[in-house]
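Each chain, written out:
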There are 2 protein chains.
Amino acid sequence: MTFDFDAWRAAKLARVEAALDGFIAAQSPADLGLVMRYGVLNGGKRLRALLVLAASEATGGNADAAMRAACAVEMIHAYSLIHDDMPCMDNDVLRRGKPTVHVAYGEAQALLAGDALQALAFEVLTPDEGVMSASVQATLCRQLARASGVGGMAGGQAIDLASVSKTLTEAQLRRMHELKTGALLKASVEMGAACGVLDGTRASHGALGLRAHLAAYGAAVGLAFQVVDDMLDVIADAALLGKTAGKDAAHNKPTYVALMGLDAAETYAEKLLAQALTALDACALPNDAALRELAIRLVKRQS
Amino acid sequence: MTFDFDAWRAAKLARVEAALDGFIAAQSPADLGLVMRYGVLNGGKRLRALLVLAASEATGGNADAAMRAACAVEMIHAYSLIHDDMPCMDNDVLRRGKPTVHVAYGEAQALLAGDALQALAFEVLTPDEGVMSASVQATLCRQLARASGVGGMAGGQAIDLASVSKTLTEAQLRRMHELKTGALLKASVEMGAACGVLDGTRASHGALGLRAHLAAYGAAVGLAFQVVDDMLDVIADAALLGKTAGKDAAHNKPTYVALMGLDAAETYAEKLLAQALTALDACALPNDAALRELAIRLVKRQS
């Protein structure tokens, strides 16, 4: 039986949207919840959530725990977009075809909604009882916090800000992206696995090897995502992309395309895809079709 | 033997500063760590950290876990000040006698440093091994996330923003402050206790009653703090206060002093102090002198 990725994705997306909708209350002090919902429930591709869910399924994870992890990662991603779009950062007005949060609700609300979404991500990972063991809760919080902070996403964004109008080497560019987008994508895979066989309370003999291979898959996927992102910023249609195209060049940001040219960037993305699939083969997981397809679709995407 | 609160505080403060210094690495991508350090290591009074440590000592808590909880709460507090001071929020230029973070480093760095500090708070609560059980890690993350987010500090700040130039009832004002400053102060007490007898792995028969009494102490202390804050904004000297005085009135912010007048606000603060001490008596903890003195000093403070 062949794996129907599109059906899998559609089913998962419906559940992720419903779960996010449930976690972010519209009823809230001074409409803060409405602003948070605007920033999250906006038709994103949910790549990070899908990576969590695919990794959890591949490792036999607890589905409820994995859904919480998936939503938490999407909340962190959404808050980072809200803050990155603000005038003091990228000053972007369009996101997925709609006005950015600060355009729609003002800067103060955008700042606060981002802050509250980061807190909510950790709240979602630490429910009162039953759903997840304390061990899985602590592990997921640890993984998400490390991937989001100064040694991950926020640190990468700091490098990005400091790199405008500078020429970076490939190593410097890779380091920036490993932190800025790679860390959270890699953490998505690892958090999914933490709901499954890599749950610390039942980690098996082969856990160390599996952890390393999954981390290699996540790292390759994370970097490939960014290389393709840089390519799409140059070649894609703004309407299809749903955000302002060509903004990297307009902002003098270093990109893989600027560094190596479009053809070499495409070759590099293919190489990273091959690395990801090799790492996945080494995991030898019984149920890895979604992880495999996610890597392939990510590199072949048009938007 | 009488309790020497000043010696206790001095010893704790030295350890908190050293711990914060150790947790926030100066070495970081694009100087982000330096900006975070500027925002945290600035001579704050560390009231929240002291509440955590006092509550932990009163309940026989693990000192290493409590120090991590104390630092995490201070990181959340510091990030909130950094973001609140930004031009799109309170637009304040002076904090504890020094230029605010966005004045010193720019808005983008201030935004990022705040974001990274929130993530670091949860990182500090989830160390790899040994220091704290997974159960205590999960509990502390849960308490901190709930107190920081839409149902706590961020929600209160949203009400604050929406209340400028409005007349609030006392109930509305209390609700705003219960969230904006009260939730994190109350959580500080509860997190300290979660390192002690209220650690879920060894909660005793009397835990429910103790939890309620400690929560009442924390709530009264949190509200008293805000009432005194409002009074000091009117009567204190800016040099002593270390921040811009009179800014509530200048920003048309509703305060207890505006609502009830200075004398009634002072009477109210004394009443809240009495409530806090009564709740503490009901806890019947063997070692509660620091919690008692903290409540008293907080209401009697001049800055």
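All figures in this text were calculated on a predicted structure; none of them were measured in a lab. (Residues numbered from 1 in each chain as written. Chains lettered and ligands numbered in written order. Predicted model: local features only at pLDDT ≥ 70, side-chain atom pairs only at ≥ 80, totals over all residues.)

Asks: Would you mind going over the overall build of chain A with me for this structure?
Replies: Looking only at helices and strands, one finds 15 helices and two strands in chain A. Here chain A has a C-alpha radius of gyration of 19 Å; the compact-globule value for 303 residues is 19 Å, and the two agree. A principal-axis box enclosing the C-alpha atoms of chain A has dimensions of 50 × 50 × 35 Å. For chain A, the residues scored as buried account for 56% of the 303 residues in total. (Helix = DSSP H or I, 4+ residues; strand = E, 2+ residues; numbered from the N terminus. Rg over C-alpha atoms; globule rule 2.2 N^0.38 Å. Buried ≥ 20, exposed ≤ 12 C-beta atoms within 10 Å, placed from the backbone.)

Asks: Looking at this structure, I do not really get the interface of chain B and chain A. What am I missing?
Replies: How big an interface is tends to be stated in terms of the accessible area lost upon association of its parts. Taken together, the contacts link 42 residues of chain B with 42 residues of chain A. Every element with two or more residues in the side of chain B that touches chain A is listed here: helix H2 (32–40), helix H6 (107–124), helix H7 (134–148) and helix H8 (153–162) of chain B. For the side of chain B that touches chain A, the leading source of residues is H6(B), giving eleven residues. A breakdown of the residues in the side of chain B that touches chain A according to their chemical character gives 25 nonpolar, twelve polar and five charged. (Contact = placed C-beta atoms within 7 Å. Nonpolar A, V, L, I, M, F, W, Y, C, P; charged D, E, K, R; others polar.)

Asks: What should I look at first to understand the relation of the copies chain B and chain A in this one?
Replies: Mapping between the two copies of the chain is achieved by a rotation about an axis and a shift along the axis. The transformation that overlays chain B on chain A combines an axial shift of 0.0 Å with a rotation of 180°, and the residual RMSD is 0.0 Å. Those values place the two copies in the arrangement expected of a two-fold rotation axis. The overlap is high: 100% of the interface residues of chain B also sit at the interface in chain A, so the same surface is used on both sides. (Least-squares fit on C-alpha atoms with pLDDT ≥ 70 in both.)

Asks: What's the story with helix H4 (residues 63–84) of chain B in this structure? I'm lost.
Replies: Residue pairs spaced three or four apart in an α-helix point in one direction, given the helix's 3.6 residues per turn. Its 22 residues give H4(B) an end-to-end C-alpha distance of 31 Å, which sits within 8% of 32 Å, the value for a rise of 1.5 Å per residue. Across the 22 residues of H4(B), 20 count as buried, placing the element largely inside the fold. (Expected span 1.5 Å × (residues − 1).)

Asks: Which parts of the structure should I look at to understand the confidence of the model for chain A?
Replies: The predicted coordinates ought not to be read in detail in places where the model reports low pLDDT. Residues of chain A with pLDDT of at least 70 account for 95%, and the chain-wide mean is 92. At the level of chain-chain contacts, confidence expressed as ipTM amounts to 0.95, with global pTM at 0.95. (pLDDT = per-residue confidence, 0-100.)

Asks: Sorry, what's going on with unusual backbone geometry here?
Replies: Most peptide bonds take the trans configuration, and most residues that are not glycine carry a negative phi. One non-glycine residue, A:Ala284, lies in the positive phi region at around 50°. Inspection of the secondary structure assignment puts A:Ala284 in the loop between helix H14 (262–283) and helix H15 (289–300). The exposure class assigned to A:Ala284 is exposed, which follows from the 11 C-beta atoms found within 10 Å. The backbone of B:Arg46 shows a phi angle near 60°, a positive value even though the residue is not glycine.

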